[in-house]
Amino acid sequence: MTDSKYFTTTKKGEIFELKAELNSDKKEKKKEAVKKVIASMTVGKDVSALFPDVVNCMQTDNLELKKLVYLYLMNYAKSQPDMAIMAVNTFVKDCEDPNPLIRALAVRTMGCIRVDKITEYLCEPLRKCLKDEDPYVRKTAAVCVAKLHDINAQLVEDQGFLDTLKDLISDSNPMVVANAVAALSEIAESHPSSNLLDLNPQSINKLLTALNECTEWGQIFILDCLANYMPKDDREAQSICERVTPRLSHANSAVVLSAVKVLMKFMEMLSKDLDYYGTLLKKLAPPLVTLLSAEPELQYVALRNINLIVQKRPEILKHEMKVFFVKYNDPIYVKLEKLDIMIRLASQANIAQVLAELKEYATEVDVDFVRKAVRAIGRCAIKVEQSAERCVSTLLDLIQTKVNYVVQEAIVVIKDIFRKYPNKYESVIATLCENLDSLDEPEARAAMIWIVGEYAERIDNADELLESFLEGFHDESTQVQLQLLTAIVKLFLKKPTETQELVQQVLSLATQDSDNPDLRDRGYIYWRLLSTDPVAAKEVVLAEKPLISEETDLIEPTLLDELICYIGTLASVYHKPPSAFVEGSRGVVHKSLPPRTGSSESAESPDAAPSAGQAAEQPAVIPAQGDLLGDLLNLDLGPPVSGPPLAASSVQMGAVDLLGGGLDSLMGGSGFTAPGPAAPAAMGAPLGSGLGDLFDLTGGVGTLSGSYVAPKTVWLPAMKAKGLEISGTFSRQVGSICMDLVLTNKALQVMSDFAIQFNRNSFGLAPAAPLQVHAPLAPNQSVEISLPLNTVGSVMKMDPLNNLQVAVKNNIDVFYFSTLYPLHILFVEDGKMERQMFLATWKDIPNENEAQFQIKDCSLNADAVSSKLQGSNIFTIAKRNVEGQDMLYQSLKLTNGIWVLAELRIQPSNPSFTDLELSLKCRAPEVSQYVYQAYDAILKN
């Protein structure tokens with residue numbers, strides 16, 4: 001008979017009977033009784049009263065009975081801690097049992113009993129089991145250490161269990177190695193600062209050896225651990241890749257994705273010129289394709305990961321387009337994801353195939369899917385220029401079907417095509433206008449209105465068409481109202497005589513009859529423009545529009561690099577970093593790809609320009625200064641500032657965006673630029689008014705004290721450059737960056753034909769003009785040159801961040817050198833953040849992005865520090881005194897839009913010197929170290 005009989009009884013007085021049976025002398029009866037107890041416990045009855053009787057049954061050789069008793073113990077130990085201590089002796093005894101299964105069972109149960117009182121008794125048995133001769137016991141004990149660490153971390157460290165775990169990584173049994181790695185990873189995750197998995201080439205070698213022989217989940221633990229390792233050079237990276245590659249053919253999809261993660265990470269370190277790099281790309285495609293033959297749920301996870309991989313390295317799957325074609329029985333979530341990847345892989349070579357496929361999809365029955373397919377046709381047109389003609393004719397065919405939602409999507413898409421290829425496909429406008437009456441969705445109506453307004457001069461009855469929309473103006477959505485307002489103003493500027501009435505009508509509807517502030521503001525701006533300066537209005541409203549870019553929905557590069565490090569985890573399915581959905585401290589360690597090796601890759605490659613926001617390493621986390629900052633708003637700011645009040649327009653747009661734009665704004669991706677100073681009139685104000693002056697409106701443009709310039713140093717010695725010696729420094733004056741050079745000819749021949757070029761660097765520094773040496777440089781002659789620089793060059797993250805590689809050519813040869821530029825030359829003049837914004841941003845930036853530094857023996861007081869830093873565009877926003885120490889709150893902004901917020905604590909150490917404590921917060925924490933170096937240099941010189 002099966003065990004189901006134990007669950008069918010509902011007798012009264014059961015506990016009493018069970019008690020008697022548990023104390024029976026007959027082994028079988030005891031076993032039956034324990035089964036009944038477990039059955040009652042499982043269905044939720046309280047059988048804790050039987051605790052002493054069940055514990056008595058532990059003393060048995062019967063493995064099945066022992067397991068049942070241990071199960072009961074785990075459940076009730078927490079509610080009966082005093083009773084549970086009775087079982088400790090049995091654990092200790094079972095840990096020395098000759099049967100390894102019983103020893104392992106005892107140690108596993110010990111780990112599951114989460115009772116503080118008991119844990120210290122379990123240390124001795126656990127220590128023995130970690131050194132047991134049987135690998136099964138050792139692997140169980142390894143996991144037990146992680147569980148014990150969760151209950152009492154201090155105890156585990158004091159008892160030396162962590163060192164024993166580290167030793168188990170060199171165990172001869174692969175399963176023990178895998179469990180030791182899993183346990184250490186688990187512990188390291190809850191203590192990100194501890195360097196537990198101190199990996200070195202020797203331990204990596206042991207892990208790779210164990211990888212071939214352990215179970216599939218063991219392999220995943222080891223692969224995830226390998227992914228956190230940073231190889232010392234490309235040769236080591238290649239050898240690890242070679243040993244991980246066989247895992248790609250594993251049957252378990254989790255093992256495959258973990259292997260892909262390791263390879264994607266280490267490929268960053270391989271030069272693209274290597275033969276092995278090409279081989280690896282070829283090997284990565286088949287396993288990813290195989291994942292798509294699994295069941296739909298697995299397919300979806302695979303597709304979300306492939307989406308990331310294709311954005312990072314499209315070349316891996318560029319020949320595999322066909323596997324992403326949609327099958328008729330795919331669930332909708334798989335279909336939509338496949339469509340997305342098809343567009344990402346679309347290229348000139350396969351566009352014909354893709355378009356034929358998309359046209360087929362557009363006649364399906366699933367509305368969401370059809371809409372996405374029509375959008376996809378438009379995205380292909382924007383991505384592959386050669387296919388635009390074909391895409392437009394396909395869209396026109398779809399419009400002829402007269403299916404309402406297809407027509408509406410097609411019009412939205414054609415609007416984007418017009419924005420990408422102006423003056424090319426306008427012949428289709430007539431067809432679009434025929435479908436005007438069928439449009440009922442806001443987005444489609446807005447798109448159609450935009451087309452009519454943009455090409456009003458080509459549409460004879462444009463005013464009638466727009467007037468038809470105007471009739472129900474107040475019932476339209478905001479999107480349509482805004483578009484209609486702009487379109488009618490465009491029409492008026494193109495045909496002023498016929499449409500004067502129409503424009504007055506729309507302006508009064510938008511301003512006097514509307515409650516929407518956005519609409520009213522736009523209406524008033526147009527009204528004032530048209531009434532004061534129609535020529536300016538024409539320049540603003542009919543200005544040349546920038547072309548739209550092809551991939552607007554790509555994941556931001558820094559985030560993409562972080563997500564690549566999380567392939568095969570939930571983060572890769574959500575396309576969000578773990579910190580966005582994991583609560584608490586766990587799992588919020590930011591990961592990033594290793595820096596690329598110097599390879600001769602072309603600037604066109606998608607990963608050629610990693611952004612400066614890639615975290616190289618996490619700065620030390622320091623406690624938040626929330627209590628001090630909370631008071632920033634209530635500061636007593638001394639006398640009121642003289643001079644005109646701050647104009648509303650000078651609220652810094654860059655700062656506003658900093659809160660909303662997330663990573664985009666961090667990398668300066670926002671379209672906003674912060675306006676210059678609001679009141680140049682206050683420029684000449686004397687600097688003597690102390691704090692009052694700090695909040696003056698001198699926006700830092702051409703400040704009186706001037707930016708700090710480091711003394712010139714020799715960058716290229718004459719012996720390395722055939723007699724040409726180059727020394728120099730960097731400076732910033734009134735918003736422009738200069739490289740101040742001295743060229744000295746120490747050779748015996750005349751030098752001429754000088755030219756200079758910079759390699760790609762972290763902030764895109766590049767010469768803004770050629771290197772001009774007006775006369776040939778005679779022997780023993782020097783010439784001083786100031787070379788203007790800009791920051792619009794190619795970007796590539798350097799190590800260190802402020803490294804600049806320079807090539808100088810003359811009539812003799814080409815010479816190379818590298819130098820470090822001080823970061824303060826990149827501090828821009830509009831880096832003063834508004835106070836409320838400073839407070840909100842400081843709270844918004846995570847605490848782990850805060851870094852702390854010390855500047856010793858500075859001979860300046862708070863006002864002098866503030867004034868000196870302002871000369872280099874580090875702006876003091878507020879100052880206060882806390883317990884005799886001056887605190888300055890400062891902001892600065894780099895040329896690429898990254899904001900850095902600082903708190904400077906000034907504490908006098910003796911009468912003539914002070915020590916400064918600097919806390920920096922920034923969304924790109926790796927910048928902090930170099931900002932500190934700039935502070936140090938400015939204040940000590």
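Identification of the protein as AP complex subunit beta from Gallus gallus is taken from an unreviewed UniProt entry. Under Subcellular location (unreviewed entry), UniProt gives the following word-for-word description of the protein: "Endomembrane system".

**Q** Before we go on, may I ask you to explain the pattern of salt bridges in this structure?
**A** It is possible for side chains bearing opposite charge to pair when their charged atoms get close. According to the stated counting rule, one finds 37 salt bridges in the structure shown. With a closest N to O distance of 2.9 Å, Lys 31 and Glu 64 form a salt bridge. In this pair, Lys 31 sits in helix 2 (residues 27-42) while Glu 64 sits in helix 4 (residues 63-76), placing the two residues 33 residues apart along the sequence. Its relative accessible area of 15% is what places Lys 31 among the buried residues. Residues joined in a network through salt bridges with shared partners are Arg 371, Arg 375, Glu 409, Glu 441 and Glu 443.

**Q** How should the packing of helix 28 (residues 478-494) against helix 29 (residues 500-511) be read in this particular structure?
**A** Helix-helix packing is described using two parameters, namely the angle between the two axes and the distance between the axes. Interhelical geometry of helix 28 versus helix 29 gives an angle of 155 degrees and a closest axis separation of 9 Å. One way to sum up the angle between helix 28 and helix 29 is to call them roughly antiparallel. Between helix 28 and helix 29 lies a crossing whose hand is left-handed. The segment helix 28 lies against helix 29, with Leu 485, Ile 488, Val 489, Leu 491 and Phe 492 engaging Gln 500, Leu 502, Val 503, Val 506, Leu 507 and Ala 510. A class-by-class count of the residues in the contact of helix 28 with helix 29 yields 10 nonpolar, 1 polar and no charged.

**Q** Would you mind going over the sheet that holds strand 3 (residues 736-745) with me for this structure?
**A** To summarise the sheet geometry, strands pair through backbone hydrogen bonds and adopt either a parallel or an antiparallel arrangement. An order of 1-2-3-6-5 is seen for the 5 strands of this open sheet, with the pairing classed as antiparallel. What marks the edges here is a single partner per strand, and that holds for strand 1 (713-716) and strand 5 (766-767).

**Q** Help me understand the nonpolar core, please; the structure alone is not making it clear to me.
**A** Ranked by internal contacts, the top residues of the largest apolar core, which has 213 residues, are Tyr 72, Leu 126, Val 244 and Phe 418. Those residues in contact with Tyr 72 that sit more than four places away from it in its chain are Val 37, Ile 38, Met 41, Val 47, Ser 48, Leu 50, Phe 51 and Val 54. Counting residues in each nonpolar core, the second largest holds 65 residues, with Leu 765, Tyr 821, Phe 827 and Leu 892 among its members.

**Q** Hey, could you run me through the packing of aromatic side chains in this one?
**A** What characterises a pair of aromatic rings is the spacing of the ring centres plus the angle enclosed by the ring planes. According to the stated counting rule, one finds 12 aromatic pairs in the structure shown. Aromatic pair Phe 730 and Tyr 821: ring centres 6.1 Å apart, planes at 65 degrees, arrangement edge-to-face. Taken as a pair, Phe 730 in strand 2 (residues 724-733) and Tyr 821 in the loop between strand 8 (814-820) and helix 38 (835-844) lie far apart in primary sequence, 91 residues in all. For Phe 730, a relative accessible area of 2% corresponds to the buried category. Ring geometry for Phe 853 against Tyr 932: centres 4.6 Å apart, planes inclined by 5 degrees, an arrangement best described as stacked. In this pair, Phe 853 sits in strand 9 (residues 850-858) while Tyr 932 sits in helix 40 (residues 928-940), placing the two residues 79 residues apart along the sequence. Each member of the pair Phe 853 and Tyr 932 is classed as buried.

**Q** I tried to follow the sheet that holds strand 4 (residues 755-758) on my own but got confused; where do I start?
**A** The antiparallel open sheet is built from 3 strands, whose spatial order is 4-7-8. Taken across any chain shown, the strands that pair with only one partner, and hence form the sheet edges, are strand 4 and strand 8. For this sheet, the mean angle separating the axes of adjacent strands, direction not counted, is 25 degrees. As defined by bridge partners, strand 7 (residues 803-809) adjoins strand 8 across 7 bridges and the pair is classed as antiparallel. Pairing of Val 806 across the sheet is with Phe 817, part of strand 8.

**Q** Looking at this structure, I do not really get a negative patch on the surface. What am I missing?
**A** Together, Glu 464, Glu 467, Glu 471 and Glu 501 line one region of the surface with negative charge. The topology assignment puts Glu 501 in helix 29.

**Q** Is there a simple way to explain the pairing of strand 11 (residues 885-893) in this structure?
**A** In the case of a regular strand, side chains alternate between the two sheet surfaces. Of all 9 residues in strand 11, 9 are buried, a share of seventy percent or more. Burial along strand 11 is two-sided: Gln 885, Met 887, Tyr 889, Ser 891 and Lys 893 facing one way and Asp 886, Leu 888, Gln 890 and Leu 892 facing the other are all buried. Summarising the sheet, strand 10 (residues 875-882) and strand 11 pair through 7 bridges and their orientation is antiparallel. By the bridge assignment for strand 11, Lys 879 is matched with Leu 888. Here strand 10 folds back onto strand 11 in antiparallel fashion, the turn holding 2 residues, of which Glu 883 has a positive phi close to 50 degrees.

**Q** Hey, could you run me through helix 13 (residues 174-190) in this one?
**A** Here helix 13 spans 25 Å end to end across 17 residues, near enough to the 24 Å set by a 1.5 Å rise per residue. Judged by how many residues are buried, helix 13 sits mostly within the fold: 13 of 17 residues are covered. Where helix 13 begins, the capping side chain belongs to Asn 173, and its oxygen is found 2.8 Å from the backbone nitrogen of Met 175.

**Q** Where do I start with the confidence of the model for the protein in this structure?
**A** When pLDDT drops low, the exact placement of atoms in the prediction is not to be read closely. Counting all residues, the mean pLDDT for the protein is 80, and 85% of those residues have values of 70 or more. For the stretch residues 598-705, pLDDT sits under 50, and the model shows 199 contacts to residues farther than four places along the chain or on other chains.

**Q** What is the right way to read the environment of Lys 415 from this model?
**A** Structurally, Lys 415 can be placed in helix 24 (residues 404-420). With 37 residues separating them in the primary sequence, Lys 415 and Gly 378 have C-alpha atoms 9.3 Å apart.

**Q** Would you take a moment to explain the side chain of Asp 886 for this structure?
**A** The residue Asp 886 is located in strand 11 in this model. Despite its burial, Asp 886 pairs with no opposite charge; the closest candidate is Lys 879, at 4.8 Å N-O. A distance of 2.9 Å separates a polar atom in the side chain of Asp 886 from a polar atom in the side chain of Asn 881. If we ignore the near neighbours within four places in the chain, the residues touching Asp 886 are Ala 862, Lys 879, Arg 880, Asn 881, Leu 904, Arg 905 and Ile 906.

**Q** Whenever I open this one, the environment of Glu 32 confuses me. Can you help?
**A** For Glu 32, the location among the structural elements is in helix 2. Glu 32 sits 10 residues away from Leu 22 along the chain, and the two C-alpha atoms are 8.7 Å apart.

**Q** For this particular structure, what's the right way to read the packing of helix 27 (residues 462-470) against helix 28?
**A** For the pair helix 27 and helix 28, the least separation of the axes is 11 Å and the interaxial angle reads 155 degrees. What the angle tells us is that helix 27 and helix 28 run roughly antiparallel. Helix 28 is crossed by helix 27, and the crossing has left-handed handedness. Facing helix 27, whose interface residues are Ala 462, Asp 463, Leu 466, Phe 469 and Leu 470, helix 28 presents Leu 484, Ala 487, Ile 488 and Leu 491. Classifying every residue of the contact of helix 27 with helix 28 gives 8 nonpolar, no polar and 1 charged.

Reading the values: the criteria
Residues numbered from 1 in each chain as written. Predicted model: local features only at pLDDT ≥ 70, side-chain atom pairs only at ≥ 80, totals over all residues. Heavy atoms only, no water. UniProt positions renumbered as here; feature names shortened; annotations may be inferred. Salt bridge = Lys/Arg side-chain N within 4 Å of Asp/Glu carboxyl O. Helix = DSSP H or I, 4+ residues; strand = E, 2+ residues; numbered from the N terminus. Buried < 20%, exposed > 50% of the residue type's maximum accessible area, 1.4 Å probe, protein only. Axes fitted to C-alpha atoms, helices over the stretch in contact; angles between N-to-C directions. Parallel < 35°, antiparallel > 145°, perpendicular 65-115°, else oblique. Left-handed = near helix turned anticlockwise from the far one by under 90°. Contact = heavy atoms within 4.5 Å. Nonpolar A, V, L, I, M, F, W, Y, C, P; charged D, E, K, R; others polar. Pairing = 2+ DSSP bridges. Core = buried A, V, L, I, M, F, W, Y, C linked by side-chain atoms within 4.5 Å. Phe/Tyr/Trp six-rings, centres within 6.5 Å; stacked < 30°, edge-to-face > 60°. Patch = residues over 30% accessible without salt bridge, like charges linked within 9 Å, V, L, I, M, F, W, Y side chains within 5 Å. Areas by Shrake-Rupley, 256 points an atom, 1.4 Å probe, with all protein chains shown as cover. Lys, Arg positive; Asp, Glu negative; His and termini not counted. Charge placed at Lys NZ, Arg CZ, Asp CG, Glu CD. Expected span 1.5 Å × (residues − 1). Polar contact = N/O pair within 3.5 Å; in protein donor to acceptor, adjacent residues only side chain to side chain. pLDDT = per-residue confidence, 0-100.

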